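Single-letter residue listing:
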Amino acid sequence: MEKVQEENNMERWDRLEEITESERDIIKETWARVYANCEDVGVSILIRFFVNFPSAKQHFSQFKHMEDPLEMEGSVQLRKHGRRVMGAVNSIVENIGDPDKVTTVISIVGKSHALKHNVDPVYFKILTGVMLEVIAEEYAKEFTPEVQLAWNKLRNNLYTQIQATYKEVGWTQYPSNSV
C-alpha cells in the first residue's frame with residue numbers, strides 16, 4: 001500500500017510544470033533570505049491576506065474579529081500561525097528536489113485544512129499570491145523576473161497538488177463567492 005501511494009505521489013508531481021535545477025536553487029537562495037526573518041515576514045503575509053480577504057478570517061476563532069492591522073500584528077495567535085505557515089513553506093523549499101517529501105507535506109496540510117478546518121482550497125492560491133507580493137516588496141532587489149518565474153512555477157505546482165489532495169479526500173464544496 002505504501003509503495004502504491006509513493007508511486008502515485010511521484011506521478012502527481014511529475015505531471016506538474018517542471019522546476020529546473022537552477023530554478024530550485026533560485027527558490028532555495030531567495031527563501032534562505034526570507035526565512036531568516038520568518039516570523040516578521042509571516043505576520044506581514046497574514047495581515048495582508050486578512051486585510052485584503054477578510055472572509056479568510058472566519059476560519060480563525062482567535063483573531064477573526066480583529067480589523068486593525070496593528071492589533072493583528074500584536075496577536076500571539078497570529079504570530080504563531082505565521083510561523084506555522086512559514087515552517088510549512090520551509091519544509092517544501094528544503095525538500096524541493098524530493099517529490100515524495102513535498103507531496104507528503106502538501107498532503108498533510110491539505111488534508112488538515114480540508115477535513116479539520118473546512119477551508120476552501122482557493123485560499124491557498126490567494127495566500128501564496130499574497131506571499132509572493134510581500135516577498136517581492138520586501139526583497140525587491142532579489143526578486144528579479146527570473147526569481148519571480150521560479151516562484152510562480154512552485155506556486156502553481158503547490159496549488160495543483162493542494163487541489164489533488166482535496167479531491168482525494170472527497171472535497172465537494174464549491175468556492176464561495178465571498179472570497
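Just above sits the structure.
First, a word on scope: everything that follows refers to the structure included in this document.

About the thresholds
- Here the residue numbers are simple positions, counted from 1 along each chain's written sequence.
- Side-chain atom pairs in this predicted model are given and counted only at pLDDT of 80 or more, local residue features only at pLDDT of at least 70, and totals for whole chains, interfaces and linings cover all residues.
- Derived side-chain values reflect all non-hydrogen atoms in the structure, with water molecules and hydrogen atoms excluded from consideration.
- Per the convention used, a helix needs a DSSP run of H or I reaching at least four residues, while a strand needs a run of E reaching at least two, with both numbered from the N terminus.
- Three labels apply to residues, based on accessible area from a 1.4 Å probe with only protein chains included: buried if under 20% of the type maximum, exposed if over 50%, partly exposed otherwise in between.
- Any two residues having at least one pair of non-hydrogen atoms within 4.5 Å are treated as being in contact.
- Computed with a 1.4 Å probe, the accessible areas rest on the Shrake-Rupley method; for each residue, only the protein chains presented here act as cover.
- Multiplying 1.5 Å by the helix residue count minus one yields the expected span of that helix.
- Axes here mean lines fitted to C-alpha atoms, for a helix over just the part in contact, with angles spanning 0 to 180 degrees between N-to-C directions.
- Orientation labels follow simple angle bins: below 35 degrees gives roughly parallel, above 145 gives roughly antiparallel, 65 to 115 gives roughly perpendicular, and whatever is left gives oblique.
- The handedness criterion is simple: a crossing whose near helix is rotated anticlockwise from the far helix by less than a right angle is left-handed, and one whose near helix is rotated clockwise is right-handed.
- Here the nonpolar group is Ala, Val, Leu, Ile, Met, Phe, Trp, Tyr, Cys and Pro; Asp, Glu, Lys and Arg are the charged ones; every other residue, Gly included, is treated as polar.
- Nonpolar cores are built from buried Ala, Val, Leu, Ile, Met, Phe, Trp, Tyr and Cys residues. Side-chain atoms within 4.5 Å join them into one set.
- Side-chain rings of Phe, Tyr and Trp, where Trp is taken by its six-membered ring, are said to pair if the distance between their centres is within 6.5 Å; with planes under 30 degrees apart they count as stacked, over 60 as edge-to-face, and otherwise as tilted.

1. Description of the overall build of the protein
Along the backbone of the protein there are 8 helices and 0 strands. When the helices and strands of the protein are read in sequence order from the N terminus, they spell out α-α-α-α-α-α-α-α. For the protein, with 179 residues in total, the buried portion stands at 44%. Within the protein, contacts between residues separated by at least 24 positions form 77% of all contacts whose residues are at least 6 apart in sequence. For the protein, the computed accessible surface area is about 10,000 Å², with 51% contributed by carbon and sulfur atoms.

2. Describing helix α3 (residues 38-52)
Since the α-helix turns once every 3.6 residues, residues separated by three or four places project in the same direction. With 15 residues, α3 should cover 21 Å at 1.5 Å per step; its first-to-last C-alpha distance of 21 Å lies within 8% of that length. Within the span of α3, buried status applies to Cys38, Val41, Gly42, Val43, Ile45, Leu46, Ile47, Phe49 and Phe50. The inward-facing, buried residues of α3 contact α2 (21-35), α4 (69-73), α5 (76-94) and α7 (122-138).

3. A look at the packing of helix α6 (residues 99-116) against helix α8 (residues 145-168)
One way to put it is that α6 packs onto α8 with a least axis distance of 9 Å and a crossing angle of 55°. As the angle between them shows, α6 and α8 are arranged oblique. Crossing hand, α6 versus α8: right-handed. The segment α6 lies against α8, with Val102, Thr103, Ile106, Ser107, Gly110, Lys111, His113 and Ala114 engaging Leu158, Gln161, Ile162, Thr165, Tyr166 and Glu168. Looking at the contact of α6 with α8 residue by residue, the classes come out as 6 nonpolar, 6 polar and 2 charged.

4. Here we look at the nonpolar core
Among the nonpolar cores identified, the biggest contains 51 residues, and Phe49, Phe50 and Trp151 are the most heavily contacted of them. Mapped onto this core, the elements with two or more residues apiece are α2, α3, α5, α6, α7 and α8. In terms of residue count, α7 provides more of this core than any other element does, 10 residues in total.

5. Here's the deal with the packing of aromatic side chains
Enumeration over the complete set of coordinates arrives at 10 aromatic pairs. Where Phe49 meets Phe53, the ring centres are 6.2 Å apart and the plane angle is 40°; that geometry is what we call tilted. Overall, the relative accessible area of 25% leaves Phe53 in the partly exposed class. Taking 4.9 Å as the distance between ring centres and 70° as the angle between the ring planes, the aromatic pair formed by Tyr166 and Trp171 counts as edge-to-face. Judged on exposure class, the residue Tyr166 and its partner Trp171 are both buried.

6. Concerning α7
Taking 1.5 Å per residue, 17 residues should reach 24 Å; α7 reaches 25 Å between its end C-alpha atoms and fits that length. If you check which residues of α7 are buried, you get Val122, Tyr123, Phe124, Ile126, Leu127, Thr128, Gly129, Val130, Met131, Leu132, Val134 and Ile135.

7. A word on the packing of α2 against α8
Close contact between α2 and α8 brings their axes to 9 Å; oriented N to C, the two are set at 100°. When the axis of α2 is compared with that of α8, the two are roughly perpendicular. Contacts between α2 and α8 involve Glu23, Ile26, Ile27, Thr30 and Trp31 from the first element and Glu146, Val147, Leu149, Ala150, Trp151, Lys153 and Leu154 from the second. Its residues assigned to classes, the contact of α2 with α8 comprises 8 nonpolar, 1 polar and 3 charged.

8. Topic: the side chain of Glu23
Looking at where Glu23 falls in the secondary structure, it is placed in helix α2. For Glu23, a relative accessible area of 9% translates into the label buried. Those residues within four positions of Glu23 in sequence are excluded, and the remaining contacts are Glu18, Leu149, Ala150 and Lys153.

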